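# Topology and contacts: notes
Here are the chains, one letter per residue:
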Amino acid sequence: MKITATQQTSLLELLAETFPDTSISKLKKVIRCGCVRHNGAVVKHPELVLNAGSTIDYTRYEAKRTYRERTTAPILYEDGTIVASFKPSGTPMSGKNVGGTRSLNNTLNSDLSHLSKRSVAVTPLMYLRTDENGICLFCKRYELREPLRQACARAVKHSRAWTVGTFDTPQGTLRAWAQLTPKGYLRQWNDTPTEYTTECTMQYTVVRQENGISLIDVQMVQHFENQLCMQLLQCGHPVLGDKANTQYRVDYPYPYTYNYKLEIPHPANGKTLTLATTLPSLFADEKK
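Worth saying up front: this structure is predicted, and the values here are computed from it rather than measured. (Residues numbered from 1 in each chain as written. Predicted model: local features only at pLDDT ≥ 70, side-chain atom pairs only at ≥ 80, totals over all residues. Heavy atoms only, no water.)

With that settled, the discussion passes to the overall build of the chain. Helices and strands together make up the secondary structure of the chain, namely five helices and 17 strands. Its C-alpha atoms give the chain principal-axis dimensions of about 70 × 45 × 35 Å. Residue burial in the chain is summarised as follows: out of 288 residues, 47% are buried. Within the chain, contacts between residues at least 6 apart in sequence are counted, and of these 61% link residues at least 24 apart. Counting only carbon and sulfur atoms, one obtains 47% of the accessible surface of the chain, whose full area is about 15,300 Å². (Helix = DSSP H or I, 4+ residues; strand = E, 2+ residues; numbered from the N terminus. Buried < 20%, exposed > 50% of the residue type's maximum accessible area, 1.4 Å probe, protein only. Contact = heavy atoms within 4.5 Å. Areas by Shrake-Rupley, 256 points an atom, 1.4 Å probe, with all protein chains shown as cover.)

Below you can see the structure in the form of structure tokens.
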């Protein structure tokens with residue numbers, strides 16, 4: 001397959017424009033596997049600059065899978081706009097390192113800069129506390145940071161949480177009404193809706209219950225940071241180990257929440273992008 005550049009661009013950008021549904025990570029791997037030839041030679045550098053009118057020969061990669069690049073931070077998805085990564089418990093999202101552990105933001109910047117051979121700085125779009133686990137999104141283009149934040153506000157998040165107490169029904173809906181500050185932080189909860197409140201709704205399904213605690217699967221649209229733990233506390237089911245938002249003191253090592261799936265409208269094409277990761281045994285359906 002011959003592909004011609006209409007303007008000066010990099011090899012990676014040309015392939016991304018030709019195959020918009022393929023992630024940047026996979027295109028990089030395809031290039032390094034020797035699937036692209038230019039001027040009769042195999043090209044394995046994604047940042048090779050092509051002039052307008054330059055033609056490359058692309059050969060479809062026939063292997064069943066391409067292997068993940070060796071990076072410090074686990075990258076679940078990457079394109080020209082966003083990066084999705086998994087944040088383990090104990091790793092800070094951004095800022096200074098905590099207890100000798102490098103922040104996920106700094107690690108991604110270092111990894112992406114090393115892979116692309118140029119300076120890269122990503123910006124967090126979704127925050128998790130240091131002791132929480134789950135999928136996080138980062139913005140690669142500064143000018144799209146605000147549209148991406150608005151897209152994140154419409155994202156549907158799927159999480160699992162171990163909570164105190166048992167539920168009367170195996171599935172249902174938990175509602176609460178929150179007053180938010182102009183910057184989107186929680187100011188206070190209201191018992192009834194008013195013109196100043198935002199309705200916070202989460203649909204839950206009980207996965208299993210044992211010894212007075214419950215593992216629930218939650219689907220919600222997040223309106224403010226740390227909403228999952230705060231809303232479950234407001235509804236009378238605090239998350240195990242969430243000492244920042246509850247007086248329920250038990251010696252659990254970290255809040256038992258896990259953001260395992262994310263559905264977000266992609267700002268580039270408006271299509272729903274689904275990102276998911278496997279559940280660890282603690283949050284899986286089978287017994288511990």
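After that view of the structure, there is still more to cover.
Bringing unusual backbone geometry into the picture now. Unusually for a residue other than glycine, asparagine 211 sits at a positive phi of about 55°. Positionally, asparagine 211 belongs in the loop between strand 14 (198-210) and strand 15 (213-221).

Three or more residues of helix 1 (residues 11-18) are buried, namely Leu11, Leu12, Leu14 and Leu15. The buried residues of helix 1 all sit within an arc of 160° when viewed along its axis, so they share a single face. (Arc of directions from axis to C-beta.)

To continue, consider the pattern of salt bridges. The tally for this structure, following the rule as stated, stands at nine salt bridges. We note a salt bridge from arginine 160 to aspartate 285, for which the minimum N-O separation is 2.6 Å. With arginine 160 in strand 11 (residues 156-164) and aspartate 285 in the segment after strand 17 (272-276), this residue pair connects regions lying 125 residues apart in the sequence. Between arginine 208 and glutamate 210 there is a salt bridge, with its nearest N and O atoms 3.8 Å apart. Overall, the relative accessible area of 6% leaves arginine 208 in the buried class. One continuous salt-bridge network, built from bridges that share partners, spans Arg129, Asp131 and Asp242. (Salt bridge = Lys/Arg side-chain N within 4 Å of Asp/Glu carboxyl O.)

Here the focus is the pairing of strand 15. For strand 15, the buried fraction is high: seven of the nine residues fall into the buried class. Direction of pairing for strand 11 relative to strand 15: antiparallel, over a ladder of nine bridges. Of the residues in strand 15, the one forming a bridge with valine 156 is valine 221. Taking the residues between adjacent antiparallel strands as the criterion, strand 14 and strand 15 are bridged by two residues, where asparagine 211 takes a positive phi near 55°. (Pairing = 2+ DSSP bridges.)

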